[in-house]
Amino acid sequence: MGVLFLLIFISALPVVAAFLWFRRRQFSAPASWFLLCLLAGVLSLALAAVVQYFMPPATGVAMKDILFNVFIRIAIVEEGSKLLIVPLILRISGKLLKSEEEDGDSSIYGTAAGLIAGLGFAMIESASYGASDMRIAVLRAFTAAPLHGACGARDGTAAALLKTNPRLAIWRFLSATAIHGAYNMLVVSPGYIRFFSIPLSFASLLSATQMLHRKEKAS
């Protein structure tokens, strides 16, 4: 039982850090909205798992098989699931954010919701992986969580811009998919190349938080 609680604690650390960061920045959204965004991440993971169940991985060793597994079966499916679920959660939580959205750029909430959903996605995924090896949970807390948060932020921006700026929305989604795919390629690479996944995940998360900062200043 103690190992289970430790596993959950490690997997939840990035979520707690994000919650405190939003509170420190005085982001005008209630805690219930934060929890709804986490729920979006959990539902996105469930949706991705169902799609991947019916999309068996390529078993070959050719580059086309690797690219299929990395970019299509994993990156596109997982980022696509976030893109589908986050708008539903934003619509459900519309009443919670009505006054805030009227005062500023509503796309900032899409970006924030996607970032939180990505961390929720990573939290459950890390816990499931860590159940077989605790070291994996620790590693994913410091690499996969920032990666999913960064990509989720871009998916959330895409979801918020689908109607008003579809071209930019598509670009945000494609950038999330490209970052996720590049991360996966680095992780499965031999030798020291795999460690480049760490700066990639943190640089992507930093750029996502800068997107939020710019939108806050503009709103």
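Residues numbered from 1 in each chain as written. Predicted model: local features only at pLDDT ≥ 70, side-chain atom pairs only at ≥ 80, totals over all residues. Heavy atoms only, no water.

Draft legend 1. Structural context of the overall build of the chain. For the chain, the helix and strand inventory stands at nine helices and zero strands. Counted from the first residue to the last, the chain has its helices and strands arranged as α-α-α-α-α-α-α-α-α. Within the chain, buried positions represent 45% of all 219 residues. Contacts spanning at least 24 positions in sequence make up 76% of the contacts within the chain whose residues lie at least 6 apart. (Helix = DSSP H or I, 4+ residues; strand = E, 2+ residues; numbered from the N terminus. Buried < 20%, exposed > 50% of the residue type's maximum accessible area, 1.4 Å probe, protein only. Contact = heavy atoms within 4.5 Å.)

Draft legend 2. Spatial organisation of the pattern of salt bridges. As enumerated under the stated definition, the model contains two salt bridges in all. In this structure, Asp-65 engages Lys-64 in a salt bridge whose closest nitrogen and oxygen atoms are separated by 3.4 Å. We classify Asp-65 as buried; its relative accessible area is 13%. On the basis of relative accessibility, which here comes to 62%, the residue Lys-64 falls in the exposed class. (Salt bridge = Lys/Arg side-chain N within 4 Å of Asp/Glu carboxyl O.)

Draft legend 3. View of the nonpolar core. Among the nonpolar cores identified, the biggest contains 29 residues, and Phe-22, Phe-27, Trp-33, Phe-34 and Ile-116 are the most heavily contacted of them. Counting only elements with at least two residues in this core, the list comes to α1 (2-24), α2 (31-53), α3 (63-92), α5 (107-130), α7 (144-161) and α9 (197-218). Residue contributions to this core peak at 10 residues, all from α5. Leaving out residues up to four positions away in the same chain, Ile-116 has contacts with Phe-22, Trp-33, Phe-34, Cys-37 and Leu-38. (Core = buried A, V, L, I, M, F, W, Y, C linked by side-chain atoms within 4.5 Å.)

Draft legend 4. How the structure looks around α7. In this model, α7 (18 residues) spans 26 Å end to end at C-alpha, consistent with the 26 Å of a helix rising 1.5 Å per residue. Counting buried residues along α7, 17 of its 18 residues qualify, which places the element largely inside the surrounding structure. (Expected span 1.5 Å × (residues − 1).)

Draft legend 5. View of empty space enclosed by the protein. One pass over the structure, following the stated rule, counts three cavities of 30 Å³ or more. Around the largest cavity sit Phe-19, Phe-22, Arg-23, Phe-27, Ala-29, Pro-30, Ala-31, Trp-33, Phe-34 and Ile-116, which together line it. Within the residue set of the lining of the largest cavity, elements represented by two or more residues are α1 and α2. Considering only residue class, the lining of the largest cavity consists of nine nonpolar, no polar and one charged. (1 Å grid on protein atoms, 1.4 Å probe; cavity = no way out; pocket = protein on both sides within 12 Å on 5 of 7 lines; lining within 4 Å. Points joined across faces, edges and corners; volume = space filled by probe spheres on them. Nonpolar A, V, L, I, M, F, W, Y, C, P; charged D, E, K, R; others polar.)

Draft legend 6. Region of the structure containing the packing of aromatic side chains. Counted under the stated rule, the structure contains six aromatic pairs. Ring geometry for Trp-21 and Phe-22: centres 5.1 Å apart, planes at 70°, overall edge-to-face. Exposure remark for Trp-21: the relative accessible area of 27% places this residue in the partly exposed category. (Phe/Tyr/Trp six-rings, centres within 6.5 Å; stacked < 30°, edge-to-face > 60°.)

Draft legend 7. Spotlight on the environment of Pro-199. Take Pro-199: it is sitting in helix α9. With a relative accessible area of 46%, Pro-199 lands in the partly exposed category. Measuring from C-alpha to C-alpha, the distance between Pro-199 and Thr-143 comes to 8.6 Å, with 56 residues separating the pair along the chain.

Draft legend 8. Representation of the confidence of the model for the chain within the structure. On average, residues of the chain carry a pLDDT of 84, and 81% of them reach 70 or more. Across the chain, helix α8 (residues 166-187) holds the top mean pLDDT of 94, while helix α4 (residues 94-103) sits lowest at 52. Counting contacts from residues 99-104, a segment whose pLDDT is below 50, to residues more than four positions away or on other chains yields five contacts. (pLDDT = per-residue confidence, 0-100.)

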